[in-house]
Amino acid sequence: MTGKIILIAGGTGLVGTPLVATLKQAGNTVRVLSRKPSNHNNGIFHWDPSKNEMDENALEGVTHIINLAGVGIADKRWTDKRKQDIIQSRVVPTQFLFSFVSKMPNLEQYISASGINCYGYDNYEKCYDESDSFGTDYLSQVVHKWEQSADLFSSVCKVVKLRISVVLTNKGGALPKIAQPIKMYFGTALGSGKQWMPWISLHDLVRMFVFSIEHNLDGAYNALSDVKTNKEFTKTLAKSLNKPLWLPNAPAFVLKLVFGEMASVVLDGLQASNKKITDAGFVFNDPNLKAAFDRIYHN
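A brief report on the enclosed structure follows. Predicted, not measured: the structure shown is a model, and the values here were computed from it. Along each chain, residues carry numbers from 1 onward, in the same order as the chain's sequence is written. At least 70 in pLDDT is required for a residue's local features to be given in this predicted model, at least 80 for side-chain atom pairs to be given and counted, and no such filter applies to totals for whole chains, interfaces and linings, which use all residues. Each side-chain value is derived from all of the structure's non-hydrogen atoms; neither hydrogens nor water enter the calculation.

Right, let's talk about the overall build of the chain for a bit. Within the chain, the regular secondary structure consists of ten helices and 13 strands. C-alpha atoms define the radius of gyration, and 2.2 Å times the number of residues to the power 0.38 defines the globule rule. Taking 299 residues into account, the globule formula puts the C-alpha radius of gyration at 19 Å, and the chain, at 19 Å, falls close to it. Here the C-alpha coordinates of the chain stretch approximately 60 × 40 × 35 Å along the principal axes. Burial statistics for the chain: of 299 residues in total, 51% are counted as buried. Here, residues are in contact when the closest pair of their heavy atoms is within 4.5 Å. Long-range contacts, defined here as pairs at least 24 residues apart, represent 77% of the contacts in the chain between residues at least 6 apart. Think of it this way: Lys and Arg go in the positive column, Asp and Glu in the negative one, and His and the chain ends go nowhere. Taken as the charge centre is NZ of Lys, CZ of Arg, CG of Asp or CD of Glu, depending on the residue. When the 33 basic and 27 acidic side-chain charges of the chain are each reduced to a single mean position, those positions are 7 Å apart. Numbering of helices and strands runs from the N terminus; a helix is a DSSP stretch of H or I covering at least four residues, while a strand is a stretch of E covering at least two. A simple rule labels every residue: compare its accessible area, found with a 1.4 Å probe on the protein chains alone, to the largest value its type can have, and call it buried under 20%, exposed over 50%, or partly exposed in between.

Below you can see the structure in the form of structure tokens.
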């Protein structure tokens, strides 16, 4: 895969940074949309959807768009305003990008980040695939609106929606927050510990975005390597860190007191299948949780 002109929103974040580097190394032209002033020599192009600002030089000849924009789901307590911000930070930039679609006649594919937490948490035993309907809880509806906005592009090009699970890396996201108390000998499973945790390594997620371009994919794909219970996940992480787990599980009511509605991020879980992406030919480099932790912490 060489010679593509790829426009990335959210290209300086946890996933975007290594993805930009990987795409450039493969010989593609990568342009990153940023709220900072444009620096064309460095591939930075100014945009600000909230102010209807766009450096239209970014659009010239674009063949692929990757949209990773959106505020962190678990970065702040879920006030009514924060819940609205979570939705708007995903939907508004997508709609804004689509408003320029006529200026990108060479556009072949639009790839959107999405969320594995789109199916709801009503059926503990079920393993969800991409044909299942959206849930009715808040996070499911976030993803539903997110993907609806992405589907605007289906009128002009292929649309890929990668439904991302917990991303494993020590550079940010959930894993350092989970690992810190374990390193300090205060690690414990959360709530019942039985809730499912689908996960994927950052390494494999970046590869999946690249794979989506290389294989000209279309449609929704669950982005997960495997699923473990919270208890299994925590025990495996502690083993990789060579730390004991001796505390009882953190009670669900305490987590709800501390985090409010946002506690559902860690207390609720679901199983999902990665069969669709593997049937397309994708092979995970990190299919095993212990090996993934060891690569992250010991390589």
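Here the focus is the nonpolar core. Side-chain atoms within 4.5 Å link the members of a nonpolar core, which is a set of buried Ala, Val, Leu, Ile, Met, Phe, Trp, Tyr and Cys residues. Among the nonpolar cores identified, the biggest contains 43 residues, and Leu 23, Ile 66 and Phe 209 are the most heavily contacted of them. Counting residues in each nonpolar core, the second largest holds 23 residues, with Ala 9, Trp 47, Ile 65 and Val 101 among its members.

Attention shifts here to the sheet that holds strand 9 (residues 166-168). Pairing between two strands requires that DSSP report at least two bridges joining them. Reading across from one edge, 9-10-12 is the order of the three strands in this open sheet, with mixed pairing throughout. Edge strands, defined here as strands with exactly one partner in the open sheet, are strand 9 and strand 12 (226-229). The average undirected angle you get between the axes of adjacent strands in this sheet is 45°. Sheet topology note: the strand 10 (residues 196-201)/strand 12 ladder contains four bridges and is antiparallel. Paired with Trp 196 across the two strands is Thr 229, which belongs to strand 12. Together, strand 9 and strand 10 form the strand contacts of helix 5 (residues 202-214), whose direction differs from that of strand 10 by roughly 70°. Here an axis means a line fitted to C-alpha atoms, over the contact stretch when the element is a helix, while the angle between two N-to-C directions is reported on a 0 to 180 degree scale. Those strands touched by helix 10 (residues 289-298) are strand 9, strand 10 and strand 12, and its axis lies near 50° from that of strand 9.

Moving on, we come to the environment of Met 208. Structurally, the position occupied by Met 208 is in helix 5. Sequence spacing of Met 208 and Gln 180 is 28 residues, and the spatial spacing of their C-alpha atoms is 28 Å. If we skip the residues at most four places from it in the chain, Met 208 touches Leu 162, Ile 200, Ala 223, Ile 277, Phe 282 and Phe 284.

The strand order 4-3-2-1-5-6-8-11 describes an open sheet built from eight strands, whose pairing is mixed. Each edge of the open sheet is held by one strand with a lone partner, namely strand 4 (53-54) and strand 11 (219-223). Note that strand 1 (residues 5-9) and strand 5 (residues 64-67) share four bridges and pair parallel. In the sheet register, Ile 8 faces strand 5, and the bridge partner there is Ile 66. Lying on the sheet, helix 3 (residues 138-150) is in contact with strand 6 (109-115) and strand 8 (158-164); it crosses strand 6 at an angle near 175°. Contacts between helix 5 and the sheet are confined to strand 1, strand 5, strand 6, strand 8 and strand 11, with strand 8 contributing the most and set at about 165° to the helix.

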